[in-house]
Each structure stands twice: as C-alpha cells, then as structure tokens.
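Listed below, chain by chain, are the residues.
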Amino acid sequence: MRGMNGVGETLRESAVFNFDGAMTMVIDDSPFAMELTAQALLGFGIKVRHTCADAAEAIKILQNHPVDLILVDCEMPGMSGYEFVRWLRRSGLDPNAYAPVIMTAAHVRRSKVSEARDCGANFLITKPFSAGVLLERIVWVAKDNRPFLEVGDYFGPDRRFREEPWPGPERRSEEIRKAEFEAQRRGSIDL
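Reference entry: report on the structure contained in this document. None of the values given here were measured: they were computed from a predicted structure.

Taken as a whole and assessed by the stated rule, the structure comprises 7 salt bridges. We note a salt bridge from D73 to K127, for which the minimum N-O separation is 3.1 Å. You can see D73 sitting in strand β3 (residues 69-73) and its partner K127 sitting in the loop between β5 (123-126) and α5 (131-143), a full 54 residues away along the chain. Judged on exposure class, the residue D73 and its partner K127 are both buried. D118 is paired through a salt bridge with R117; the nearest N and O atoms lie 2.8 Å apart. Residue D118 is classed as partly exposed on the basis of its relative accessible area, which comes to 29%. The network of salt bridges with shared partners includes D28, D73 and K127.

The next point concerns unusual backbone geometry. Trans is the common state for peptide bonds, and a negative phi is the common state for residues other than glycine. In the segment running from D94 into P95, the intervening peptide bond is cis, with an omega of 15 degrees. Mapped onto the elements, P95 comes out in the loop between α3 (81-90) and β4 (101-105). Put simply, K127 and P128 share a cis peptide bond, and its omega is -5 degrees. Relative to the helices and strands, P128 is located in the loop between β5 and α5.

Here we take up empty space enclosed by the protein. Scanning the entire structure with this criterion turns up 1 cavity of 30 Å³ or more. Computed from the structure, the largest cavity encloses a volume of approximately 40 Å³. Lining the largest cavity are V26, I27, D28, T37, L71, V72, D73, T104 and K127. Elements with a contribution of two residues or more to the lining of the largest cavity: β1 (24-27) and β3. The biggest single contributor to the lining of the largest cavity is β3, with 3 residues. Counted by class, the lining of the largest cavity contains 4 nonpolar, 2 polar and 3 charged residues.

Before going further, it helps to examine the side chain of N96. Considering the arrangement of structural elements, one finds N96 in the loop between α3 and β4. From its side chain, N96 meets the backbone nitrogen of V67 in a polar contact 2.8 Å long. With near-sequence residues (within four places) excluded, N96 lies in contact with L62, H65, P66, V67, L88 and R89.

Now for the side chain of H50. Relative to the assigned elements, H50 resides in strand β2 (residues 48-52). Here H50 falls in the buried class, since its relative accessible area comes to 13%. Apart from residues no more than four positions distant in its own chain, H50 is found in contact with M23, T24, M25, V26, I61, H65 and V67.

Conventions used here
Residues numbered from 1 in each chain as written. Predicted model: local features only at pLDDT ≥ 70, side-chain atom pairs only at ≥ 80, totals over all residues. Heavy atoms only, no water. Salt bridge = Lys/Arg side-chain N within 4 Å of Asp/Glu carboxyl O. Helix = DSSP H or I, 4+ residues; strand = E, 2+ residues; numbered from the N terminus. Buried < 20%, exposed > 50% of the residue type's maximum accessible area, 1.4 Å probe, protein only. 1 Å grid on protein atoms, 1.4 Å probe; cavity = no way out; pocket = protein on both sides within 12 Å on 5 of 7 lines; lining within 4 Å. Points joined across faces, edges and corners; volume = space filled by probe spheres on them. Nonpolar A, V, L, I, M, F, W, Y, C, P; charged D, E, K, R; others polar. Polar contact = N/O pair within 3.5 Å; in protein donor to acceptor, adjacent residues only side chain to side chain. Contact = heavy atoms within 4.5 Å.

Quick look at the structure:
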C-alpha cells in the first residue's frame, strides 16, 4: 500500500492490525453511504458498533458509550458534520472528546478541507473512497500523536503536520516565553 503523500508512512504488505475490539461509530444521513462504509470497515475486521443517521442520534449515544473512532459525513441536515465535531471536541466527554474523527465528503473544495481542519477533525476523505485509502487513514489516525490544543474557539488535534521549524520569526507567545526562559536559564548556568 502506498504512503499518504508525505503525511504518513508506507504500510508494509505484511503489516497486521487487530481492530476486533474497536468501538466505531459511523454518522451519515445516506443509508447507502453508511452501508458502504460499514462494509469497508468490516473488511478490515472493524465492526461498526453504532450507526447514526444524524448528529442528534450520535450525541445521545456518545453521552453514554465510549468510542474509539468516528466517521462522520460533512453535510447532513440539521447539525452538519462540522458542527458535530465542534460539539464533540468541546463536550467534555472523556474519552470521546478525544476520539479520532475522519470526516467524509462527496465534494471536496479547499474551503471544506479548511473547515474540517478547523472544526477539530483528524482527517477528511472524499467519497467514494477505496477500502485501501480508508484503511490507510484509519491507521494514520491511530498512530497520530499530535497533542490536543485549545486556542481561541478551536479545540482539537494540533493542526500542524510538519516537523520542520517555521522559517520566519516565532509568533506563538508560549514558544516565545519558553525560548526566553531557556535563554535565562542558560545565562544563569554560564555564570
């Protein structure tokens, strides 16, 4: 299986994953799309524990049952997938507020990618997706170790994927304070 355009690493052909106990939720207003997603997941050994036709149904379940993975359609009547993810991240439901979220969308424009990133989702994939792409994204979010951040009205995984340092001057106050503290500490040690 090929890598994910520099975002993840290539899976070995011999890689073995056991998803048997994964508590998975699929939220989609299209019964056809929900069934296709559930069948693709079942092909990897992931049994969908909760299927929901809308966000309201999902919220009721999440308030009482922990989940390990959520796949949610971006565009649904009532509460959209974006609004649902924002609610989830701010819900305070531990551990569900931190569950990996893969959003799905039939039509992906740059604005949808930005909105998925900014609502707190871990990844966005385009429908129809291949089983291989879905598996690759699931493995990627399972290995994702980005910290959760709360910045302004955003709460979710760090939106930065790159490891290399920013080429311009540091603008994040936390990092500036940290650098100043380290400089002071080094200055007091040199005395």
